[in-house]
Amino acid sequence: MQTQEIPKLFLEKITEILPEKEIEDFKKALVEPPLKSFRVNSLRASPKEVKESLEAKGFKLTQMNWYTYGFFVNSFGASLGNTLEHFLGKIYVQDASSMLPVIPLEAEEDESILDLAAAPGSKTTQIGMDMKNQGLIIANEPNQKRIQALQDNLERLGIINTVITRNDGRYFRKMPDAFDKVLLDAPCSLEGTMFKDEKIKHRWGPNFVSGSAKLEYELLKAAITATKSKGTIIYSTCTISPEENELVVNKVLKEFDIELKPVEFRGVNQSNGLTKYKDFEIDKQIKRCVRIWPHKAKIGAFFLTKIMKK
Amino acid sequence: MATQSEDRGFFPDKNNEKIEYKLLGKKEELVIFNYLDSQFGIPSKAFNGYEFIKRGKDLWISTKKSTQALAFINSGLKINTIGLRALRNPFDDNKKATTNFIQIFGKQATKNLYQIKESDLLPYLRGEDLVLKENLERGYKIIKFGDEIVGMGICLDNRIKNQIPKSRFIKNWNLKSI
C-alpha cells in the first residue's frame, strides 16, 4: 500500500494527535512491512541456544535490547516456520510490539490468569512460559474457528496450564474477583497493522472504530470485574484511535476503584498516553498509558496500560 | 478462583454434544503410570503436581489448579479443553501417548527410544515413515534426534510408522542443514 492510499479521515485524526513534522514519517512507517521477529519459548530452549542454532543455519538475528526472549530476523530467505526449532516449539513467530503487554503483567507460577481474547495464542504461550507451566491460565476465544489455531500453538509450545474457553468475553462479569491478573489484548480496529495488508485495509472506517470502542469498553469492564482486589489488568490494542485507547480507559477510571500504574520498557522509544483529545475531559492518570508510535519505536503501533484494582 | 472442583461431570464439545469428563482416581492413575514406566521408563514422579482428566476417549493432563475451572461449568463457563491431550484410548490395549505429551515428558524416558539419522529427519518431519534395516521390537517408540524429542512412532515389522500430527508436518524445508 502507498502512503497516499491511507484514508483521509484517518489522517485527519492523526493530525490532531501527532505534531505536523512527524506525519510523513508516521505515514511511511504505517505502510512498511514490519521487521520479522520471534520469541524464544523458555520452556523448551534458552535464547543463547536458539540464537546459535539458527545463526548456524544462516539466519541473521538481533536480540531485542528490551526483551531477552525476543529476536529480530534481519535476513534470510527461508521461513522460520519451516525450521526444526519451530517444529520443536522452541520459537514462536510474533510481532515485536505484541510481546510488550505480557511483560508488565509479571505473571507468576501459581497465579490464576485470564487471557480474555486469546487466539491465536502468542500472548497465552508467553504467559505460560512466564508461569513455568504452573498455575492456571484461562484462554478465552469466542470464535470457534480461531480456537484451533490457539490449541495448535499451545500444543506445539508444550503449554499444559491452560483451559481454553469459548465464551463471549463479557461473560466474565459473572466471575467477580476470580483472577489474580487479566490480560485484555482487545479485538480492535487494527489501525497499526491493517494498512500494510491489502486484504483488510478497506475495512477501516469511523463506524468500525466506534463499534470496536464499544466492545472494548464492555470487555474492559468485564476484565476489571473478574480481577481480584490488588490484582492487575493489562489493557492493550494494536490500534491508534484514542476512541479505542485512552477514551476507553478514561471511562472505566470513572466507574471503578482502580488506578493506572506506570510502565517502562527500557530500550523502547515509548510515549505517554494522550491527555488532550478534542473536547474530552481526560483524567491525568492517562499519561501513564503507553503509546508505541511506529515511526519512533521502529516496531508496530501499540497501546497499553497497566491497571491495578484497589 | 473458587477452590472447589468437580471430579466428574459433562462439558459440551464444539458441536454442543455433552461429553463426560472425570478426574482420574489413584487406581486409574496407577494404570497410566505403570504403562508410561514399563513402555518408556518415565517415572511417575515426573507427573507430580499434574492432574489427569479422562474426557471422551482421550486422557488429558493439566495442572491441579486448572481443574478449578470445572467448578464454573454450571454457571456458564464454556470449556473447550483442559490442558494438553496426553494419551488416546488410555485404558485400552491400543493406548497411545501423543507427540505433544511425549515432547514434554519424553525427556525423562529411558526405554523404547529410537535415534533418527540426520538424513531421515526431514522425510520424517514431512510425514514419511522410517524404513528400518535393523530388527526392532514392535510397539511405540520415542523418536529422538540427538537430545531432541521429535515425537512418537510405532514400530511395525521393518518400519516405524509416522505418528506426528498432520497439522505439524513441515511442508517446505528449504534450509541447507538442520
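Calculation rules
- Residues numbered from 1 in each chain as written.
- Chains lettered and ligands numbered in written order.
- Predicted model: local features only at pLDDT ≥ 70, side-chain atom pairs only at ≥ 80, totals over all residues.
- Heavy atoms only, no water.
- Buried < 20%, exposed > 50% of the residue type's maximum accessible area, 1.4 Å probe, protein only.
- Helix = DSSP H or I, 4+ residues; strand = E, 2+ residues; numbered from the N terminus.
- Pairing = 2+ DSSP bridges.
- Core = buried A, V, L, I, M, F, W, Y, C linked by side-chain atoms within 4.5 Å.
- Domains from an automatic or database assignment.
- Contact = heavy atoms within 4.5 Å.
- Buried area = accessible area lost by both parts, 1.4 Å probe.
- Salt bridge = Lys/Arg side-chain N within 4 Å of Asp/Glu carboxyl O.
- Polar contact = N/O pair within 3.5 Å; in protein donor to acceptor, adjacent residues only side chain to side chain.
- Axes fitted to C-alpha atoms, helices over the stretch in contact; angles between N-to-C directions.

## Thoughts on the pairing of strand β1 (residues 37-40) of chain A
All names here are of chain A.
No. 1: Where burial is concerned, the two faces of β1 agree: the one with Ser37 and Arg39 and the one with Phe38 and Val40 are both buried.
No. 2: Summarising the sheet, β1 and strand β3 (residues 70-75) pair through 3 bridges and their orientation is antiparallel. Paired with Ser37 across the bridge in β3 is Phe72.
No. 3: As paired strands, β1 and strand β4 (residues 91-93) are joined by 3 bridges and run antiparallel to one another. What sits directly across from Arg39, in β4, is Tyr92.

## A few points about the nonpolar core
No. 1: Counting 65 residues, the largest nonpolar core has Phe172 and Leu220 of chain A as its most contacted members.
No. 2: When residues of this core are assigned to their parent elements, the largest contribution, 7 residues, is made by helix α8 (residues 206-226) of chain A.
No. 3: Among the nonpolar cores identified, the runner-up in size contains 27 residues, and Tyr50, Ala86, Phe105 and Met152 of chain B belong to it.

## With respect to the domain arrangement of chain B
Residue and element names in this part refer to chain B.
No. 1: Entries for chain B in the domain assignment read domain 1 (18-107) and domain 2 (112-177).
No. 2: Between the C-alpha centres of domain 1 and domain 2 there is a distance of 25 Å.
No. 3: Contact residues are listed per partner, giving 13 residues for domain 1 and 12 residues for domain 2.
No. 4: Both sides of the domain 1 and domain 2 interface together cover about 1,200 Å² of buried area, and 55% of this is carbon and sulfur.
No. 5: The largest per-residue losses of area from domain 1 upon contact with domain 2 belong to Phe40, Thr99 and Gln103, which jointly make up 40% of the total buried on that side.
No. 6: In this structure, the connection of domain 1 to domain 2 is made through 0 salt bridges.
No. 7: Where domain 1 packs against domain 2, one counts 7 residue pairs in polar contact (both at pLDDT 80 or more).
No. 8: Of all the elements in the fold, those that place two or more residues in the side of domain 1 that touches domain 2 are α1 (26-40), β7 (96-97) and α2 (99-105).
No. 9: Tallying contributions element by element places α2 first for the side of domain 1 that touches domain 2, with 4 residues.

## Digging into the sheet that holds β1 of chain A
Sheet strands pair by backbone hydrogen bonding; their relative direction is either parallel or antiparallel.
All names here are of chain A.
No. 1: Taken in spatial order, the 4 strands make up an open sheet running β2-β3-β1-β4, and their pairing is antiparallel. Either end of the sheet is taken by a strand with one partner, and the two such strands are β2 (60-63) and β4. Across the sheet, the mean angle separating the axes of adjacent strands is 35 degrees when strand polarity is ignored.
No. 2: Direction of pairing for β2 relative to β3: antiparallel, over a ladder of 4 bridges.

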